[in-house]
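# Inside the fold
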Amino acid sequence: MDQGEIQIAEFTYALPEERIARYPLTDRNASRLLSFDGSNTSDRMISDLTELLAVPHRICLNDTRVVHARLLFPHRSGQIEIFCLSAADGRSLEHILHEEGSVEILALVGGARKWKGGSLQTTWTHADGSGTLTAEKGERADGRFYIRLSWTPSEAFYKVLEQAGHVPLPPYMDRGDELSDRERYQTVFARHRGSVAAPTAGLHLTEGMLEELTESGHLIDRLTLHVGAGTFQPVSTSDARAHRIHGEEICVPRDLIASLAERTEPILAVGTTSLRTLESLYWLGLKAAAGEDPSSGWAQDDLSRFPAELDSSAALSALLQWLDEHSMTELRAVTHLYILPDHRFRMVDALLTNFHQPGSTLLLLVAAFIGQQWRSLYQHALENDYRFLSYGDAMLLKRKG
């Protein structure tokens, strides 16, 4: 084994099927919380979060909103599923959700071999009448298909998805979506449509909890990362470094970047998506400091081009200067930031996250954040009946070092 390899086999564990939470609890804040402060572990409840945060934190939420990205079409040989991933040009779905009449998308197609040619149609009914949605298949690229969708009557694409689409539950739930998932597979602070999977750590938080945190002196910040379907893809190589991570679009207001550059409080990222957004800001700041365009995004291979020689305040200041020079009020970019166990964190001090799949990029991120302690924490959770994955329980982790 080469010295630089990270064997994915070292970042897996046995997850019994019965430990996967296929439905949410009745109350969002009834989930259990495994707290780890760097040395001590305690079994708590998510409703104890305010008590566990002994000093004021900046609490960063991902306010993306999940769209009903699964479209089901009847076919003579059975059902065909079109899972909307992005606009045809690779931008997030957010950019085409207000298009009317037709759109072109990239999608996964379930049952593609059965779809030899011709168009597919499905209909829906709602209070104001009914509609028809038509799908036409184009070329295939890297396991995805270019699809043209058109519909009548003409209205915004997001409304079509709300009426004809299904909640994109993760495949490991092994069930169809139900009416209750429309509310529960969405955070209470969801705002910007564009995700095809939920930022699941945020599912635990209620409006009452957020008010309690604010009243206790914590600052609530909102940023956006549109979660892609790649979040469910397992690491595909034995050496985790060789795996190619999916890109996801982030959007962060200029004023938040300015505030983060001058922060004195520790940062709590609610979920791995918030963490990846915050850490991406640091690296995009290095790009700006080097005279490059940070809105061009962060490529997985960029880490080898930019030595991390700036502190986080200087990196964010360079990012701000670039935004101001270009009269921009927000940073929008695609990040391919891949956080491996040897990653050094520049922005985030604490993480609220769910329990993740074996051998996943998200588990690698957790291992980077707390070190080898991840294994004993997961074993503790398994032995003490914690619920796993998207609708499961949570962990509150303090960064190692």
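Residues numbered from 1 in each chain as written. Predicted model: local features only at pLDDT ≥ 70, side-chain atom pairs only at ≥ 80, totals over all residues. Heavy atoms only, no water.

Turning to the sheet that holds strand 13 (residues 248–253), a few remarks are in order. The mixed open sheet is built from 9 strands, whose spatial order is 2-1-17-16-14-3-12-13-15. Taken across any chain shown, the strands that pair with only one partner, and hence form the sheet edges, are strand 2 (41–45) and strand 15 (330–335). Across the sheet, the mean angle separating the axes of adjacent strands is 25 degrees when strand polarity is ignored. Sheet analysis places strand 3 (residues 58–62) next to strand 14 (residues 267–270), joined by 3 bridges and oriented parallel. Of the residues in strand 14, the one forming a bridge with R58 is I267. Seen against the sheet, helix 8 (residues 361–370) touches strand 1 (32–36), strand 16 (350–354) and strand 17 (394–398) and runs at an angle of roughly 35 degrees to strand 17. Set on the sheet, helix 9 (residues 373–383) makes contact with strand 1, strand 2, strand 16 and strand 17; between it and strand 1 the angle comes to about 150 degrees. (Pairing = 2+ DSSP bridges. Helix = DSSP H or I, 4+ residues; strand = E, 2+ residues; numbered from the N terminus. Axes fitted to C-alpha atoms, helices over the stretch in contact; angles between N-to-C directions. Contact = heavy atoms within 4.5 Å.)

On to the pairing of strand 2, then. In terms of strand pairing, strand 1 meets strand 2 through 5 bridges, oriented antiparallel. Bridge assignment links L33 to a residue of strand 2, and that residue is R44. What sits between strand 1 and strand 2 in their antiparallel hairpin is a turn of 4 residues, with G38 showing a positive phi close to 105 degrees.

To continue, consider the nonpolar core. Among the nonpolar cores identified, the biggest contains 82 residues, and Y185, L278 and F388 are the most heavily contacted of them. F388 has contacts with Y13, L15, R19, I20, A21, F355, Y378, A381 and L382, leaving out every residue within four places of it along the chain. Residues L85, I96, V109 and W151 belong to the second largest nonpolar core, which totals 35 residues. (Core = buried A, V, L, I, M, F, W, Y, C linked by side-chain atoms within 4.5 Å. Buried < 20%, exposed > 50% of the residue type's maximum accessible area, 1.4 Å probe, protein only.)

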